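# Summary of the model geometry
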Amino acid sequence: MKSVKMLSVGVITLSVLAYSCGGGGSSISSESTTSSQPAPAASISLEEKYKDDPVFIAGSAKAKEAGCTACHMIERKIVGPSYADVAAKYDNTDENVAMLTATVINGNVGNWGEVPMPAHPHLAKEDVETIIKYVLLLKK
Ligand code: HEC
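For every chain, the first residue of the written sequence is number 1, and numbering continues from 1 onward in sequence order. Where local features are concerned, this predicted model is filtered to residues with pLDDT of at least 70; where side-chain atom pairs are given and counted, the filter is 80 or more; whole-chain, interface and lining totals use all residues.

## Remarks on the nonpolar core
A87, I131, I132 and V135 are the most contacted members of the largest nonpolar core, which totals 13 residues. Secondary structure is summarised from DSSP: a helix means a run of H or I of at least four residues, a strand means a run of E of at least two, and numbering begins at the N terminus for each. For this core, the element with the most residues is helix α6 (residues 125-137), which contributes six residues. What counts as a contact here is a pair of residues whose C-beta atoms, placed from the backbone, lie within 7 Å. The residues contacting I131, other than those within four sequence positions of it, are G59, K62, A63, A66 and C68. By convention the nonpolar core is taken to be a set of buried residues drawn from Ala, Val, Leu, Ile, Met, Phe, Trp, Tyr and Cys and joined through C-beta atoms within 7 Å. Residue burial is a threshold on neighbouring C-beta atoms within 10 Å of the residue's own C-beta, all placed from the backbone, with 20 or more meaning buried, 12 or fewer meaning exposed, and counts in between meaning partly exposed.

This is the structure in structure tokens:
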């Protein structure tokens, strides 16, 4: 009888120890999971944000074909303003799409600085519209 009592006291002591150890261990492992989570949505690039949008897919392909990429990048000014800066300046309306399409076909200077954009008279109006809709989509 005496030895059975001793044994049950031992079991209780062990299970209390196991409980407190388990508690400490699980809180440490949950901390390390948090630190390896992906970056928050706010810091993704515009390309990442819109890459699955059909307007983005059609427009970025046409922009490459038409050679706009030589002077324009999505988020960085090179020869011309970044598309993100253009999208921030103009609302995405039918009037602005028509106006900017004409600007690209006829060329322009003075809206963004002293460097002119050459005229693109060889491009089809529909193709330029496709590109402008993509440019105006690129809002942060
Ligand atoms: C040789 C360089 C060059 C190429 C090629 C070029 N651009 Fe530009 N783009 C510029 C410059 C420079 C400006 C700024 C003009 C200004 O200050 O008015 C500009 C301005 C723009 C603007 C803003 C217009 C405004 O009035 O605010 C849009 C939209 C644009 N470009 C789209 C395009 C598209 C689409 C293409 C391809 C068909 C293209 N660009 C090709 C240099 C270029």
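Alright, that's what it looks like, and here's the rest.
## Considerations on the UniProt feature "binding site: heme c" (unreviewed entry) in the protein
Mapped onto this numbering, the UniProt entry gives "binding site: heme c" (unreviewed entry) at C68, H72 and M117. Across 50 residues of sequence, these annotated residues stay compact in space, with a maximum C-alpha separation of 10.6 Å. Tracing the backbone shows C68 in the loop between α3 (54-66) and α4 (83-89). For C68, a count of 23 C-beta atoms within 10 Å translates into the label buried. Excluding its chain neighbours within four sequence positions, the residues that come into contact with C68 are A63 and I131. Inspection of the secondary structure puts M117 in the loop between α5 (94-106) and α6. UniProt positions are given in the numbering used here, feature names are shortened, and annotations may be inferred rather than shown by experiment.

## Notes on the site of the ligand
In this analysis, residues qualify as near a molecule or strand once their C-beta atom, positioned from backbone atoms, comes within 6 Å of it. Every one of the 27 residues lining the ligand counts as a neighbour, but C68, C71, G80, N111 and M117 are closest to it. Sorting the residues of the shell around the ligand by element identifies α3, α5 and α6 as the ones contributing at least two each. Residue composition of the shell around the ligand, by class: 18 nonpolar, nine polar and no charged. By the convention adopted, Pro, Cys, Tyr, Trp, Phe, Met, Ile, Leu, Val and Ala count as nonpolar, Lys, Arg, Asp and Glu as charged, and the other residues, Gly among them, as polar.

## A word on α3
Helices are assigned an expected span. That span is 1.5 Å times one less than the residue count. Between the first and last C-alpha of α3 there are 18 Å, a value that for 13 residues agrees with the 18 Å anticipated at 1.5 Å per step. Next to the buried residues of α3 lie α6. A positive backbone phi angle near 85 degrees is found at G67, which sits one or two residues after α3.

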